Amino acid sequence: MASSKTKTLLVFKYLNDYSDENNPLSTTELIEMLSKDGIKCERKSIYADVQTLNEIGFDIVSTLSPKRGFFMATRRFELPEVRLLLDAVSSAGFITPHKTQELALKLESLVSKNQANALTSQVYIDTDFKCDNEEIYYVIDFLHEAIIRKQKVSFKYKRRNIDKKNKKSYTEKSFKVSPYALIWKDDHYYLVCNNAKYDNLMNLRLDRIRKIELLDEPARAVSEVSEYHDTFDVADYSSKMFNMFSGETAKVTLQCHLDLREEMMDRFGAKIPLVAVDTDHFETTIDAAVSDGFVSWIMTFGDQIKVINPASLAETVKTKAQRIAKQYQ
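Worth saying up front: this structure is predicted, and the values here are computed from it rather than measured.

Trainee: Give a detailed account of the nonpolar core, specifying residues and quantitative values.
Mentor: Leu 143, Phe 155, Leu 191 and Ile 209 are the most contacted members of the largest nonpolar core, which totals 28 residues. Of all the elements, helix α7 (residues 136-149) adds the most residues to this core, at four residues. With residues up to four places along the chain from it excluded, the contact list for Ile 209 reads Asn 133, Val 139, Leu 143, Phe 155, Lys 156, Tyr 157 and Leu 191. Grouped together as the second largest cluster of nonpolar side chains are 20 residues, Phe 242, Leu 254, Ile 286 and Val 307 included.

As structure tokens, then:
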């Protein structure tokens, strides 16, 4: 015969799995569920179980609408939070379709089954944009461990070949690097690291990393290869990157059309200076990694942005614009 403790735990399980504000479970339904699990009980014992669960901290509410019963009123994650997490997992290109499904099932268990069914009916997974690297969990785990231990890692980096027949072939390049941080940016997951051949930082996509190994070699100090002295500043580095292209950080002054005020503050923060030039334009000075990615970002705004300083960046943008114009002559 099942103990009273087992019965109370089963009542909690039923309420957690099947009840919510719109779907309370009546005492009759709870008694029927217990009966299917081989436990016979009286109605008053259900009230005692609910009281016990509330006494130890679970928020189980008695309601009369939409019917008389009980439901789990508070969960570790609320429904909108689970929806946000599901959308993030579904849209993350570095998570394979198989692992997306696995994660989605785990997230659905955070709400009632009725709520989960409603959520999954609204979530769309576009498998065409998902990676096929089933090692991605191991890659993240190894890199996390290496960053904590400050050790080097080695791996193969897979990239798609381009050929006239459009055949799907790939090349793999071997890397041995000092890892410093993992950054999720522009819908991709990146490793920020240093290749021992060079004295700078590089960004590599995690979905292209295979056959990773943790090496018994200390990583290079981040101060040897970057502007950061003691620890790598993820937020600062990420804010200066454009399309995750690495480059030397510089003070950049931009003259922008007034319509770009919100765009500039969204990208660089609300504290950047906005100095009026005339009735239609303002200037702002920001810190940015000067790279091909930054140049491409500037050019997406066409004639609404003009580089004032540094002169070398202005010349680079001008040259690239001329090359693009030449393509259409």
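Trainee: Residue-level account of the pattern of salt bridges, with values.
Mentor: In a structure, side chains of opposite charge can pair up when their charged atoms sit close to one another. In total, this model carries 15 salt bridges according to the counting rule given. With a closest N to O distance of 2.3 Å, Lys 7 and Asp 49 form a salt bridge. A residue pair is termed long-range when its members are at least 10 positions apart, and Lys 7 in helix α1 (residues 4-18) and Asp 49 in helix α3 (residues 43-55) qualify at 42 residues. Take Lys 7 and Asp 49: they sit in the same class, and that class is buried. Each of Asp 199, Arg 220 and Glu 224 takes part in salt bridges that share partners, so that together they form one network.

Trainee: Describe the environment of Ile 305, and please don't skip the residues or the numbers.
Mentor: Tracing the sequence through the fold places Ile 305 in strand β11 (residues 305-309). Considered as a pair, Ile 305 and Leu 254 are 51 residues apart in the sequence and their alpha carbons are 6.6 Å apart. Those residues in contact with Ile 305 that sit more than four places away from it in its chain are Leu 254, Gln 255, Cys 256, Leu 260, Met 264 and Ile 298.

Trainee: For a nonpolar patch on the surface, give the residues involved together with the corresponding values.
Mentor: A cluster of nonpolar side chains, Tyr 137, Tyr 138 and Phe 142, forms an exposed patch at the surface whose accessible area comes to about 310 Å². Looking at the element boundaries, Tyr 138 is found in helix α7.

Trainee: Outline the packing of aromatic side chains, listing residues and values.
Mentor: Tallied over the full model, the rule gives eleven aromatic pairs. Taking 4.5 Å as the distance between ring centres and 40° as the angle between the ring planes, the aromatic pair formed by Phe 12 and Phe 58 counts as tilted. Of the two residues, Phe 12 sits in helix α1 while Phe 58 sits in the loop between α3 and β1 (60-63), which places them 46 residues apart along the sequence. A relative accessible area of 33% places Phe 58 in the partly exposed class. Their ring planes at 75° and their centres at 5.3 Å tell us that Tyr 228 and Phe 232 sit as a pair that is edge-to-face. Phe 232 gets classed as buried once you look at its relative accessible area, which sits at 13%. Within the aromatic cluster, the residues linked to one another by ring pairs are Phe 268, Phe 294, Trp 297 and Phe 301. The lysine or arginine in question, Lys 99, covers the ring of Tyr 137, its NZ or CZ lying 5.0 Å from the ring centre. The ring of Phe 268 has Arg 267 sitting right over it, with the charged end atom 5.5 Å from the ring centre.

Trainee: How would you explain the side chain of Ser 19 if you had to name every residue and give the values?
Mentor: As for its placement among the helices and strands, Ser 19 is situated in the loop between α1 and α2 (27-36). In this structure the side chain of Ser 19 is engaged in a polar contact, spanning 3.0 Å, whose partner is the backbone nitrogen of Met 72. Ser 19 has contacts with Tyr 14, Leu 25, Phe 70, Phe 71, Met 72, Arg 75 and Ser 112, leaving out every residue within four places of it along the chain.

Trainee: With reference to specific residues and values, describe the packing of helix α4 (residues 79-91) against helix α5 (residues 97-108).
Mentor: At a closest axis distance of 10 Å, the pairing of α4 and α5 adopts a crossing angle of 175°. Our classification of the angle between α4 and α5 gives roughly antiparallel. Residue-level inspection shows Val 82, Leu 85, Leu 86, Val 89 and Ser 90 of α4 in contact with α5, the latter providing Thr 100, Leu 103, Ala 104 and Leu 107. Tallied by class, the residues present in the contact of α4 with α5 amount to seven nonpolar, two polar and no charged.

Trainee: Go over unusual backbone geometry, please, and point to the residues and values.
Mentor: Look at the link from Ser 65 to Pro 66: it is a cis peptide, with omega at 5°. Residue placement: Pro 66 occurs in the loop between β1 and β2 (69-72). Cis geometry marks the peptide bond from Asn 309 to Pro 310, where omega comes out at -5°. When you line up the elements, Pro 310 lands in the loop between β11 and α11 (311-327). Of note, Lys 150 is a non-glycine position whose phi angle comes to about 60°, a positive value. Assignment of secondary structure puts Lys 150 in the loop between α7 and β3 (151-160). Here Lys 150 falls in the exposed class, since its relative accessible area comes to 58%. Phi is positive for Lys 211, close to 50°, though the residue is something other than glycine. Within the element layout of this structure, Lys 211 appears in strand β7 (residues 209-218). Relative accessible area serves as the criterion here: at 52%, Lys 211 is assigned to the exposed category.

Rules used in this analysis
Throughout this description, residue numbers start from 1 for each chain and increase along the sequence as written. Residues qualify for local features only when their pLDDT is at least 70, as the model is predicted, and side-chain atom pairs are given and counted only at 80 or more; totals for whole chains, interfaces and linings, by contrast, use all residues. Hydrogens and waters are ignored; side-chain quantities use all the structure's heavy atoms. To define a nonpolar core, start from buried Ala, Val, Leu, Ile, Met, Phe, Trp, Tyr and Cys residues and group those joined through side-chain atoms within 4.5 Å. Only protein chains enter the area calculation, which uses a 1.4 Å probe; residues under 20% of their type maximum are buried, those over 50% are exposed, and those in between are partly exposed. Runs of H or I in DSSP of at least four residues are treated as helices and runs of E of at least two as strands, each being numbered from the N terminus. Residue contacts are counted whenever heavy atoms from the two residues lie within 4.5 Å of one another. Salt bridges are counted wherever a side-chain nitrogen of Lys or Arg sits within 4 Å of a carboxyl oxygen of Asp or Glu. Each patch is assembled from residues with relative accessible area greater than 30% and no salt bridge, linking like charges that lie within 9 Å and nonpolar side chains (Val, Leu, Ile, Met, Phe, Trp, Tyr) that lie within 5 Å. Areas reported as accessible are Shrake-Rupley estimates using a 1.4 Å probe. Residue values count occlusion only from the protein chains shown. Classification of ring pairs uses Phe, Tyr and Trp, with its six-membered ring standing for Trp, and accepts pairs whose centres are within 6.5 Å; under 30 degrees between planes counts as stacked, over 60 as edge-to-face, and the remaining range as tilted. Only lysine NZ and arginine CZ atoms are considered, and such an atom sits over a ring when it is within 6 Å of the ring centre and within 35 degrees of the ring normal. Pairing of N or O atoms within 3.5 Å defines a polar contact, subject to two protein rules: one partner must be a possible hydrogen donor and the other a possible acceptor, and residues neighboring in sequence count only if both atoms are side-chain atoms. Under this scheme, a helix contributes an axis fitted over its contacting stretch, all axes are lines through C-alpha atoms, and angles between N-to-C directions fall in the 0 to 180 degree range. Should an angle lie under 35 degrees it is considered roughly parallel, over 145 roughly antiparallel, and from 65 to 115 roughly perpendicular; all remaining angles are considered oblique. Three classes are used: nonpolar for Ala, Val, Leu, Ile, Met, Phe, Trp, Tyr, Cys and Pro, charged for Asp, Glu, Lys and Arg, and polar for all others, with Gly counted as polar.

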